Number of protein chains: 2
Amino acid sequence: MKIYKIPEATVMRLSVYSRFLHQLIDEGVATVSSGDIAKGVGVSSAQVRKDLAYFGEFGTRGVGYRVDELYGHLMKILGLDQTWNIVLIGAGKLGSALALYQGFAERGFHISTILDVDPARIGTKLGNVEVEPLEVLQDRVKENNIRVGVVTVPASAAQDVTDRLVQAGIKAILNFSPRILKVPNSVILRNVDLSVNLEVLSFNLALNR
Amino acid sequence: MKIYKIPEATVMRLSVYSRFLHQLIDEGVATVSSGDIAKGVGVSSAQVRKDLAYFGEFGTRGVGYRVDELYGHLMKILGLDQTWNIVLIGAGKLGSALALYQGFAERGFHISTILDVDPARIGTKLGNVEVEPLEVLQDRVKENNIRVGVVTVPASAAQDVTDRLVQAGIKAILNFSPRILKVPNSVILRNVDLSVNLEVLSFNLALNR
């Protein structure tokens, strides 16, 4: 099944739905309606149905969805029916926090390689993973079949590090540095700016000034 | 001017546009077209025009936008024409990374208060700010006129901490804990799950399996 042009907001909501379904499984709930999902995650039930409709027919009219079945479908759609090895570059404060972030492992993301250029950091451990020099990038990507890279280096080093990731065969990059990066069309780039989240709040607070 | 029902995705793009315009100001660029902005940030020019149209008429047909003027408008819309004092609760790895994150200060977000319950953390400093016990929350919120709280505590403590923030008069909460939190309708809650960003990547990689 090939699917194109799914809005990113839909993908992000699928992720939210899958977490809610996981919670229902833990609670022993067997079936769920789009209305239940909508209420549980705070969107409209029309939105839930529209998001799921991109991927075919899951539910049964009048009965709703089987929780475990829908959960399995969503995890597969999100690519979470497998483990992804990840290389993280930049073992500073943010890099360390991400390396130790429980939420990644829970969703099948395994930071298998952590690299830095700072001799003071190389050889230290973050969880079970030792920080290694940037030079081993190509070897580790091959050995561990890594396709995803996370960039948490200072802005001045971000493009260089990104170029190295691309050259090493990385197919998707999550960039936490505040620099607009260039990658070839064959590589997926996603920028995370943590302050954007605060700006959604300040926007809403400013409306009521 | 009161504005309602602006899609969150639009707000997030306004944030991206404003950063691009800031870059143009640094480069001495005086005017810009919606096409230039679109190309600079990687969306369609129709999208740029639609996003800006929510907030009135900014540009001049055939000339485009005055960069400094549009930047000023966007910063005001985003509530970034002022400084926001912020209380951060939870001085663990992620909390420490956020407390030291340069990107917040650049956009006018000032983490003025950092609280924790762990005696080993209380009294330590993150940047210029000393970690204080949770008990001073109410006092600090009043003294520093804080309206925004950031929650980086373990899931088990997240709802209790959120209740305390609400009680202390906080109006907007950014939650990094992996727990679905309840707040009154008068309080804006935004959940940040860092793994969602990786899932957008794995979704796209999985499409090509």
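Not measured: the values here are computed from a predicted model. (Residues numbered from 1 in each chain as written. Chains lettered and ligands numbered in written order. Predicted model: local features only at pLDDT ≥ 70, side-chain atom pairs only at ≥ 80, totals over all residues.)

Novice: Which parts of the structure should I look at to understand the relation of the copies chain A and chain B?
Specialist: The two chain copies are related to each other by a rotation about an axis together with a translation along it. Once turned by 180 degrees and shifted 0.0 Å along the axis, chain A lies on chain B with an RMSD of 0.0 Å. On the angle and the small slide along the axis, the relation comes out as a two-fold axis. When the interface residues of chain A are mapped onto chain B, 100% of them again fall at the interface, so both copies present the same face. (Least-squares fit on C-alpha atoms with pLDDT ≥ 70 in both. Contact = placed C-beta atoms within 7 Å.)

Novice: Explain the interface of chain A and chain B to me, please; I cannot follow it from the model alone.
Specialist: One frequent convention defines the size of an interface as the accessible area lost when the parts assemble. In this assembly, 47 residues from chain A lie in contact with 47 residues from chain B. Mapped by element, the contributors of at least two residues to the side of chain A that touches chain B are α1 (8-26), α5 (93-99), α6 (102-106), β8 (172-175), β9 (188-191) and α9 (194-207) of chain A. Among the elements that line the side of chain A that touches chain B, the one with the most residues is α9(A), at 14 residues. Here the residues of the side of chain A that touches chain B sort into 30 nonpolar, 8 polar and 9 charged. (Helix = DSSP H or I, 4+ residues; strand = E, 2+ residues; numbered from the N terminus. Nonpolar A, V, L, I, M, F, W, Y, C, P; charged D, E, K, R; others polar.)

Novice: Sorry, what's going on with the nonpolar core here?
Specialist: The nonpolar side chains of a soluble globular protein tend to be buried, and buried together. Judged by nonpolar contacts, the single largest core of 120 residues is most densely connected at A:L74, A:I86, A:L88, B:L74, B:I86, B:L88 and B:V151. With residues up to four places along the chain from it excluded, the contact list for B:V151 reads B:I89, B:G90, B:A158, B:V161, B:T162, B:I173, B:L174, B:N175, B:F176 and B:S177. (Core = buried A, V, L, I, M, F, W, Y, C linked by C-beta atoms within 7 Å. Buried ≥ 20, exposed ≤ 12 C-beta atoms within 10 Å, placed from the backbone.)

Novice: I tried to follow the sheet that holds strand β4 (residues 109-116) of chain B on my own but got confused; where do I start?
Specialist: Sheets are built from strands paired through backbone hydrogen bonds, the pairs being either parallel or antiparallel. All names here are of chain B. Taken together, the 7 strands give an open sheet; going across it, the order is β5-β6-β4-β3-β7-β8-β9, and neighbouring strands pair in mixed fashion. Of all the strands in the sheet, the pair left with one neighbour each is β5 (125-126) and β9 (188-191). Bridge count for β4 against strand β6 (residues 129-133) is 3 bridges, and the pairing is parallel. Across the sheet, the residue bridging to D116 is P133, located in β6. Across the sheet, helix α8 (residues 155-167) touches β3 (84-89), β7 (148-151) and β8 (172-175), and the angle it forms with β7 is around 170 degrees. (Pairing = 2+ DSSP bridges. Axes fitted to C-alpha atoms, helices over the stretch in contact; angles between N-to-C directions.)

Novice: Explain the packing of helix α1 (residues 8-26) of chain B against helix α2 (residues 34-41) of chain B to me, please; I cannot follow it from the model alone.
Specialist: The axes of two packed helices give the description: the angle between them and the distance between them. Residues and elements named next belong to chain B. The interhelical angle for the contact between α1 and α2, taken along N-to-C directions, is 100 degrees, at an axis separation of 10 Å. By the criterion of interaxial angle, the relationship of α1 to α2 is roughly perpendicular. On the side of α1, the interface is formed by V16, Y17 and F20, while α2 contributes I37, G40 and V41. Its residues placed into classes, the contact of α1 with α2 shows 5 nonpolar, 1 polar and no charged. (Parallel < 35°, antiparallel > 145°, perpendicular 65-115°, else oblique.)

Novice: Looking at this structure, how should I read the packing of α9(A) against α1(B)?
Specialist: Where α9(A) meets α1(B), the closest approach of the two axes is 9 Å, and the angle between their N-to-C directions is 115 degrees. In this structure, α9(A) meets α1(B) at a crossing whose hand is right-handed. Of the residues in α1(B), those in contact with A:V196, A:E199, A:V200 and A:F203 of α9(A) are B:E8, B:V11, B:M12 and B:S15. A breakdown of the residues in the contact of α9(A) with α1(B) according to their chemical character gives 5 nonpolar, 1 polar and 2 charged. (Left-handed = near helix turned anticlockwise from the far one by under 90°.)

Novice: Where do I start with the pairing of strand β3 (residues 84-89) of chain A in this structure?
Specialist: Along any regular strand, the residues point their side chains to alternate faces of the sheet. Residues and elements named next belong to chain A. Across the 6 residues that make up β3, a large majority, 5, are buried. Of the pairings in the sheet, the one linking β3 to strand β4 (residues 109-116) comprises 6 bridges and is parallel in character. In the sheet register, V87 faces β4, and the bridge partner there is T113.

Novice: Sorry, what's going on with the domain arrangement of chain A here?
Specialist: Each assigned domain of chain A is listed with its residue range as follows: domain 1 (8-77) and domain 2 (84-195). Taken over C-alpha atoms, the centre of domain 1 of chain A sits 31 Å from the centre of domain 2 of chain A. (Domains from an automatic or database assignment.)

Novice: Sorry, what's going on with unusual backbone geometry here?
Specialist: Residues apart from glycine generally show negative phi values, whereas peptide bonds are mostly found in trans. The residue A:N145 is not glycine, and still its phi comes out positive at about 50 degrees. With respect to the element layout, A:N145 can be found in the loop between α7 (137-143) and β7 (148-151).

Novice: Explanation requested: α8(B) in the structure shown.
Specialist: It helps to recall that an α-helix has 3.6 residues per turn; residues three or four apart then point in one direction. All names here are of chain B. Between its first and last C-alpha atoms α8 spans 19 Å; for 13 residues at 1.5 Å apiece the expected length is 18 Å, and the two agree. Among all positions in α8, only A158, V161, T162 and L165 are buried. Projected onto a plane normal to the axis of α8, the buried residues spread over an arc of 110 degrees and lie on a single side. Residues of α8 that are exposed and angled more than 90 degrees away from the buried face: S156, D160 and Q167. Those residues of α8 that are buried lie in contact with β3, β7 and β8. G169, located one to two residues past α8, shows a positive phi value of around 100 degrees. (Expected span 1.5 Å × (residues − 1). Arc of directions from axis to C-beta.)

Novice: Help me understand the sheet that holds strand β5 (residues 125-126) of chain A, please; the structure alone is not making it clear to me.
Specialist: Residue and element names in this part refer to chain A. Reading across the sheet, the 7 strands line up as β5-β6-β4-β3-β7-β8-β9 and stay open at both edges, with mixed pairing between neighbours. Both outer strands of the open sheet, β5 and β9, are each paired with one neighbouring strand and no more. Direction of pairing for β3 relative to β7: parallel, over a ladder of 4 bridges. Bridging across to β7, L88 finds its partner in V150.

Novice: What is the right way to look at the pairing of β7(B) in this model?
Specialist: Residue and element names in this part refer to chain B. Side chains V148 and V150 of β7 all project onto a buried face; the interleaved residues G149 and V151 project onto the opposite face, where all are buried too. Across 4 bridges, β7 lies against β8 in parallel orientation. Along β8, the bridge assignment pairs V151 with N175. In terms of handedness, the path from β7 via α8 over to β8 forms a crossover that is right-handed. (Right-handed = clockwise from strand over helix to strand, strands pointing away.)

Novice: What is the right way to read the confidence of the model for chain A from this model?
Specialist: Low-pLDDT portions of the prediction should not be read for the details of their coordinates. Averaged over all residues, the pLDDT of chain A equals 91, while 98% of them reach at least 70. On the interface metric, ipTM, the complex scores 0.89, and its pTM is 0.80. (pLDDT = per-residue confidence, 0-100.)

Novice: What am I meant to see in the environment of A:Q138 here?
Specialist: Mapped onto the elements, A:Q138 comes out in helix α7. Distance in space between the C-alpha atoms of A:Q138 and A:Q167 is 8.2 Å, their sequence separation being 29 residues.

Novice: In this structure, what is going on with the environment of A:A30? I would like to understand it.
Specialist: Residue and element names in this part refer to chain A. By secondary structure assignment, the location of A30 is in the loop between α1 and β1 (31-32). The class of A30 is exposed, set by 11 C-beta atoms lying within 10 Å. Along the backbone, A30 and E69 are 39 residues apart, and their C-alpha atoms lie at a distance of 9.5 Å.

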